[in-house]
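# Tertiary structure, described
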Amino acid sequence: RVALLPDQAWDGTPFGGAKIALVQDGLILTYLRDDKPDIRFPGLWDLPGGGREGGETPLACVARELFEEFGIRLDRDRLVGVRRYPPSKTTPLPVFFYWGYLAPGQLGQIRFGDEGQRWCMMVVDEFLARADAVKPLQQRVRDCLPDFEL
């Protein structure tokens, strides 16, 4: 269970976006980003989520992105944790990272959106070892692994 309610990790200050690691049976939901030179991390394996729109909370941001990208609704009861990461060289504002489990039946409901080349459920260790994955997200998955029952 989440120690704080999902939006209690947010104090209302500006943030850049939110991502989520969703697992099921030792596999993590990933997608291969488009290979366009005008986007960040072109052609790399990524996790659901993205940039904030308007006055969204971090939870609303990640839920909207998950629905846009995969056509599935975020099940708040299946969240395990959330962490705020400070600004970095590539992100001028803090970002949020959630982790949790896909609900039974959600894989069959996935309708991949128009961002990215393809999606897959990837073995967690494979995602962590890939040279062609978004590095900051690999570290964030490592950070949350102790909370998962894989």
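Attention in this report is confined to the structure presented alongside it.

Criteria and thresholds
Along each chain, residues carry numbers from 1 onward, in the same order as the chain's sequence is written. In keeping with the model being predicted, local features are shown solely for residues with a pLDDT of at least 70 and side-chain atom pairs are shown and tallied solely at 80 or more, while totals for entire chains, interfaces and linings include all residues. Processing note: side-chain calculations cover all non-hydrogen atoms of the structure and skip hydrogens and water entirely. Comment: elements are numbered from the N terminus, with helices defined as DSSP H or I runs of at least four residues and strands as E runs of at least two. Values of the radius of gyration come from C-alpha atoms, whereas the globule rule sets the reference at 2.2 Å times the count of residues to the power 0.38. Per-residue accessibility, obtained with a 1.4 Å probe over protein chains only, is compared with the maximum for each type, and a residue is labelled buried under 20%, exposed over 50%, and partly exposed between these values. For this analysis, residues touch if any pair of their heavy atoms sits within 4.5 Å. Surface accessibility in these figures is a Shrake-Rupley result with a 1.4 Å probe; residues are shielded only by whichever protein chains are displayed. By the counting scheme adopted, Arg and Lys are positive, Glu and Asp are negative, and His together with the chain ends is not counted. A charge is said to be at NZ when it belongs to Lys, at CZ for Arg, at CG for Asp and at CD for Glu. In this scheme Phe, Tyr and Trp rings, the latter by its six-membered ring, pair at centre separations within 6.5 Å, and the angle between planes marks the pair as stacked below 30 degrees, edge-to-face above 60, and tilted otherwise. Salt bridge criterion: a side-chain nitrogen from Lys or Arg within 4 Å of a carboxyl oxygen from Asp or Glu. Strand pairing is defined by DSSP finding a minimum of two bridges between the two strands.

Scanning the protein chain for helices and strands turns up three helices and seven strands. Mapped from its N terminus to its C terminus, the protein chain presents α and β elements in the order β-β-β-β-α-β-β-β-α-α. For 150 residues, the compact-globule estimate of 2.2 N^0.38 gives 15 Å, and the protein chain sits close to it at 14 Å. Its C-alpha atoms give the protein chain principal-axis dimensions of roughly 35 × 35 × 25 Å. Here the protein chain holds 150 residues, and the buried ones make up 45% of them. Here the contacts in the protein chain between residues at least 6 apart in sequence split such that 67% fall between residues at least 24 apart. Just so you have it, the protein chain exposes about 7700 Å², and 52% of that area is on carbon and sulfur atoms. Between the mean site of the 19 positive side-chain charges and the mean site of the 22 negative ones, the protein chain shows a separation of 3 Å.

So, on to the packing of aromatic side chains. Considering all chains together, one arrives at eight aromatic pairs under this definition. Residues F15 and F96 carry aromatic rings whose centres are separated by 5.5 Å and whose planes lie at 90° to one another, so their mutual orientation is edge-to-face. Of this pair, F15 sits in the segment before β1 (17–24) while F96 sits in strand β6 (residues 95–101), and the two are 81 residues apart along the sequence. Note on Y31 and F112: the rings are 6.3 Å apart at their centroids and 55° apart in plane angle, and the pair reads as tilted.

Across all of its chains, the model carries nine salt bridges by this definition. One salt bridge connects E65 with R64, and the closest N-O pair in it is separated by 3.2 Å.

This paragraph deals with the pairing of β6. In terms of burial, β6 is largely enclosed, as six of its seven residues are buried. Here β1 runs beside β6; their pairing, made up of seven bridges, is parallel. What sits directly across from V23, in β6, is Y101. Bridge count between strand β5 (residues 79–85) and β6: six bridges; the pairing is antiparallel. The residue of β6 that forms the bridge with Y85 is V95.

It is worth stressing that arrangement in space is one thing and function is another; only the former is reported here.
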